[in-house]
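# Reading the structure
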Amino acid sequence: MNSTLAKIAEIKAKMVRTQRNKATAHHLGLLKAHLAKLLRELITPKGGGGGGPGECFDVAKTGDARIGFVGFLSVGKSILLNNLAGVYSEVAAYEFTTLTTVPGVIRYKSDKIQLLDLPGIIEDAKDRKGRGCQVIAVALTCNLILIVLDVLKPLGHKKIIENELEGFGIRLNSKSPNIGFKKKDKGGINLTATCPQSELDAETMKNILAEYKIHNADVTLRSDATADDLIDVVEGNRVYIPCIYVLNKIDQIAIEELDIIYKVPHCVPISAHHRWNFDDLLEKIWDCVKLVRIYTKPKGQLPDYTSPVILPDSRTTVEDFCMKIHKNLIKEFKYALVWGLSVKHNPQKVGKITCWRTRMSFRL
């Protein structure tokens, strides 16, 4: 592991020394690809051994969405969980108070949301320092990450935590690159770009693929892509997770500073101790987890608006609805009647692959 860390440090030093221009783009792309390979080797070491990277830290997933609290030591994650979910997570004035994952559950707008208070991480956690790998491995399973920051020193901590999560393959508040990539047995490297490219050209792309020993592939660039985008697609293990930056301890700053913080994207200022601005935080959480509510309608009766079936926005077919209730339901499924804003007529008879994007009433 020490040799891998030395190689990573050497590559980072080379990247810092290299000027960024068109002449060095190919060289930088090659360095980035080599660095990505070394980071993958570091966080997924070879050899046997029981348990995954999140062993002893992960907890059973419950509810409609899972949210992880990530942050440095003593930033207020535990007291935030205590006051939001009403569960006990030890709070004290010293570091390393939370030594394992502490779960809690809240209900908001009929949604059941699981909260995870993760142990504080330290700098260079991605390089297997402390137990940062276990903490970040649990964060990989979350639908939303709350990065809890001390409002008195937010920028420095924010940058470090983002770097740790990125080194583990987590991409915050971003979408998967719109790049088509398919390996093949022969025919060389074929590049197709459907729009102008400002950074990635055929030579840079071939250099990056050669680092992965890929010499035959079809690559389609459907947006203005970077070398980092191509590396993420080739690696194939990146996770794209929305994130909210929770700036805690706003009771210690002036109102003028608070007005500035409110303008920062994806940020919610709070005071976990005084329970200030929890309403804004919960509303922001609900917007980010993107859940869809489906109300069932018994035959000849009004829809049951008290107990909706909750599905993620990315999985809203009739088949997903049936699987949410019981896996055997899809075996007996024939058709469904759907009421709502996106149907052509009320009710509309649909099959199991039909999907929706708005609130609907539903009957099998």
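Residues numbered from 1 in each chain as written. Predicted model: local features only at pLDDT ≥ 70, side-chain atom pairs only at ≥ 80, totals over all residues. Heavy atoms only, no water.

Identification of the chain as Developmentally-regulated GTP-binding protein 1-like from Orycteropus afer afer is taken from an unreviewed UniProt entry.

## A word on the side chain of Arg 171
What counts, and what does not: Only DSSP runs of H or I covering at least 4 residues are called helices, and only runs of E covering at least 2 are called strands; the numbering of each starts at the N terminus. Definition of a polar contact: a pair of N or O atoms within 3.5 Å, with one able to donate and the other able to accept a hydrogen when the atoms are protein atoms, and with sequence-neighbouring residues admitted only if both atoms are side-chain atoms.
With respect to the element layout, Arg 171 can be found in strand β5 (residues 170-172). There is a polar contact of 3.0 Å between the side chain of Arg 171 and the backbone oxygen of Glu 166. Of note is the side chain of Arg 171, whose polar atom sits 3.0 Å from the side chain of Asp 232.

## A few points about the pairing of strand β14 (residues 336-340)
Convention followed: Accessibility here uses a 1.4 Å probe with only protein chains present; expressed as a share of the type maximum, an area under 20% marks a residue as buried, one over 50% as exposed, and anything in between as partly exposed. Note on pairing: DSSP must find at least two bridges between two strands before they are called paired.
Buried residues dominate β14, accounting for four of its five residues. Across three bridges, the pairing between β14 and strand β15 (residues 348-350) is antiparallel. Within β15, the residue paired with Val 338 across the bridge is Gln 348.

## Considerations on the layout of surface pockets
Which entries qualify depends on this criterion: Whether a set of points on the 1 Å grid over the protein atoms alone is a cavity depends on a 1.4 Å probe fitting there but being unable to get out, while an open set qualifies as a pocket with protein on both sides within 12 Å along at least five of seven lines; lining residues are those with an atom within 4 Å of a point. Grid points are joined across faces, edges and corners, and a volume is the space filled by probe spheres set on the points. For this scheme, ten residues count as nonpolar: Ala, Val, Leu, Ile, Met, Phe, Trp, Tyr, Cys and Pro. Four count as charged, namely Asp, Glu, Lys and Arg, and the remainder, Gly too, count as polar.
Taken as a whole, the largest pocket encloses approximately 670 Å³ of empty space. Contributing to the lining of the largest pocket are 29 residues, with Leu 35, Leu 39, Asn 163, Glu 166 and Asp 228 lying nearest its centre. The set of elements that each furnish at least two residues to the lining of the largest pocket consists of α1 (2-17), α2 (25-43), α5 (154-167) and α7 (227-235). A per-element tally of the lining of the largest pocket places α2 first, with six residues. The residue makeup of the lining of the largest pocket, split by class, is nine nonpolar, six polar and 14 charged.

## Here's the deal with the packing of aromatic side chains
Stated precisely, the cut-off is as follows: Here is the rule: rings of Phe, Tyr and Trp (six-membered ring for Trp) pair when centre to centre is within 6.5 Å. Planes less than 30 degrees apart are stacked, more than 60 are edge-to-face, and the remainder are tilted. A ring is scored as having a charge over it whenever the NZ atom of a lysine or the CZ atom of an arginine sits within 6 Å of its centre and within 35 degrees of its normal.
Within the structure shown, the criterion is met by one aromatic pair. Over the aromatic face of Trp 339 sits the side chain of Lys 297, whose NZ or CZ is 4.9 Å from the ring centroid. Taking NZ or CZ as reference, Lys 349 lies 4.2 Å from the ring centre of Tyr 335, over its face.

## Let's talk about α5
Given 3.6 residues to a turn, an α-helix orients residues that are three or four positions apart in the same direction. Here is the rule: By definition here, a helix of n residues has an expected span of 1.5 Å times n minus one. To be clear, the arc concerns the directions from the helix axis to the C-beta atoms.
Taking 1.5 Å per residue as the helical rise, α5 with its 14 residues ought to reach 20 Å, and the 20 Å between its terminal C-alpha atoms agrees with that figure. Burial in α5 covers these residues: His 157, Ile 161, Glu 164, Leu 165 and Gly 167. All buried residues of α5 project into a common sector of 165 degrees when viewed along the axis, lining one side. Those residues of α5 that are exposed and aimed more than 90 degrees away from the buried face are Leu 155 and Lys 159. One or two steps after α5, the chain reaches Gly 169, where phi turns positive at roughly 90 degrees.

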